[in-house]
Amino acid sequence: MKLFEKDQKVKITLKVNGKPYETEVEPRRLLVHVLRELGFTGVHVGCDTSNCGACTVIMDGKSVKSCTLLAVEANNSEITTVEGLAQDGNLHPVQEAFWEKHALQCGYCTPGMIMQSVWLLKENPNPTEEEIREGISGNLCRCTGYQNIVEAIKTAAERLRLNQPLYQRR
Ligand code: FES
Ligand code: FES
């Protein structure tokens, strides 16, 4: 087993939104802070007990709360944050649907909520309302009352199934 000295830093490599990053971190450093320091400040911190989901990103195909992972645990992983969703300035259908259905107010939960929604719709392309609510139950929002978020996810699901992003429909 490899032991670390106090304050010793470890080199890690992450692929974030398709680009490689190399950085040195203390083993106790949380992934959420490292992502924010790398410039991905859409990843938010809303609590210190792993319940709010504002820090949600997709890591190696799974939605994870990045406040609950050490950065060293993420070594060599592929991470997608909200900043990596739009392609060539065109919003991802989930982003478009959040806008169209007024699914955000202060916007603080939104990056995590959108990443969770993207992951949910990959896992279950045709969710019921109950499955949507269950699927985002790890993501808290203090502004919207959730209803418009559910509507946005339904809309995005339909358009993803039809493979017709909103921006191609106008
Ligand atoms: S910051 Fe609240 S769950 Fe990660
Ligand atoms: S939009 Fe403000 S917390 Fe969700």
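Quantities reported herein were computed from a predicted structural model and do not represent experimental measurements.

(A) How the structure looks around the overall build of the protein chain. What the protein chain contains, in helices and strands, is five helices and five strands. When the helices and strands of the protein chain are placed in sequence order, the string is β-β-α-β-β-β-α-α-α-α. A globule of 170 residues ought to have a C-alpha radius of gyration of about 15 Å, and the protein chain, at 17 Å, matches this closely. The C-alpha extent of the protein chain, read off along each of the three principal axes, is 55 × 30 × 25 Å. By residue count, 42% of the 170 residues in the protein chain fall in the buried class.

(B) Representation of the domain arrangement of the protein chain within the structure. Here the protein chain is partitioned into domain 1 (10–81) and domain 2 (93–163). Look at where the C-alpha atoms of domain 1 and domain 2 centre, and you get two points 22 Å apart. Each partner contributes to the interface: domain 1 provides 17 residues, whereas domain 2 provides 11 residues. Buried surface at the junction of domain 1 and domain 2, both sides included, amounts to about 1100 Å², of which 57% is carbon and sulfur. Per-residue buried area on domain 1 facing domain 2 is highest for H44, T56 and I58; these three make up 37% of the total on that side. Summed over the shared surface of domain 1 and domain 2, the result is zero salt bridges. Joining domain 1 to domain 2, the criterion identifies nine residue pairs in polar contact (both at pLDDT 80 or more). A breakdown of the residues in the side of domain 1 that touches domain 2 according to their chemical character gives five nonpolar, 10 polar and two charged.

(C) Region of interest: the nonpolar core. Within the largest apolar cluster, 23 residues are counted, with the highest numbers of intra-cluster contacts made by V94, F98, M113, I114, I149 and I153. Looking at this core, the elements with two or more residues in it are α2 (93–100), α3 (110–123) and α5 (147–161). Residue contacts for I114: discarding those within four places in its chain leaves V82, L85, V94, Q95 and F98. Of all hydrophobic cores here, the second largest spans 19 residues; its members include L14, V32, A71 and I79.

(D) Spotlight on the sheet that holds strand β1 (residues 10–16). Pairing within the open sheet is mixed, and its five strands lie in the order β2-β1-β5-β3-β4. Whereas interior strands pair on both sides, the edge strands pair on one side only; in this sheet they are β2 (19–25) and β4 (62–65). For this sheet, the mean angle separating the axes of adjacent strands, direction not counted, is 40 degrees. Bridge count between β1 and strand β5 (residues 78–80): two bridges; the pairing is parallel.

(E) Focus on the side chain of R159. As for its placement among the helices and strands, R159 is situated in helix α5. The exposure class assigned to R159 is buried, which follows from its relative accessible area of 13%. A distance of 3.5 Å separates a polar atom in the side chain of R159 from a polar atom in the side chain of E100.

(F) View of the pairing of β4. Alignment of strand β3 (residues 56–59) against β4, held across four bridges, turns out to be antiparallel. Within β4, the position partnered with V57 by the bridge is V64. Here β3 hands over to β4 after two residues, with D60 in that stretch at a positive phi of 45 degrees.

(G) Main features of α3. Taking 1.5 Å per residue, 14 residues should reach 20 Å; α3 reaches 20 Å between its end C-alpha atoms and fits that length. In terms of burial, α3 is largely enclosed, as 11 of its 14 residues are buried. For α3, the complete set of buried residues consists of T110, P111, G112, M113, I114, M115, Q116, S117, V118, L120 and L121. Where α3 is buried, its residues touch β3, β4, β5, α2, α4 (129–135) and α5.

(H) A look at unusual backbone geometry. Although it is not a glycine, D88 adopts a positive phi angle of roughly 50 degrees. In this fold, D88 is placed in the loop between β5 and α2. Residues other than glycine seldom take positive phi values, yet H102 does so here, at roughly 55 degrees. On the secondary structure map, H102 appears in the loop between α2 and α3.

The rules behind the values
Residues numbered from 1 in each chain as written. Chains lettered and ligands numbered in written order. Predicted model: local features only at pLDDT ≥ 70, side-chain atom pairs only at ≥ 80, totals over all residues. Heavy atoms only, no water. Helix = DSSP H or I, 4+ residues; strand = E, 2+ residues; numbered from the N terminus. Rg over C-alpha atoms; globule rule 2.2 N^0.38 Å. Buried < 20%, exposed > 50% of the residue type's maximum accessible area, 1.4 Å probe, protein only. Domains from an automatic or database assignment. Contact = heavy atoms within 4.5 Å. Buried area = accessible area lost by both parts, 1.4 Å probe. Salt bridge = Lys/Arg side-chain N within 4 Å of Asp/Glu carboxyl O. Polar contact = N/O pair within 3.5 Å; in protein donor to acceptor, adjacent residues only side chain to side chain. Nonpolar A, V, L, I, M, F, W, Y, C, P; charged D, E, K, R; others polar. Core = buried A, V, L, I, M, F, W, Y, C linked by side-chain atoms within 4.5 Å. Pairing = 2+ DSSP bridges. Axes fitted to C-alpha atoms, helices over the stretch in contact; angles between N-to-C directions. Expected span 1.5 Å × (residues − 1).

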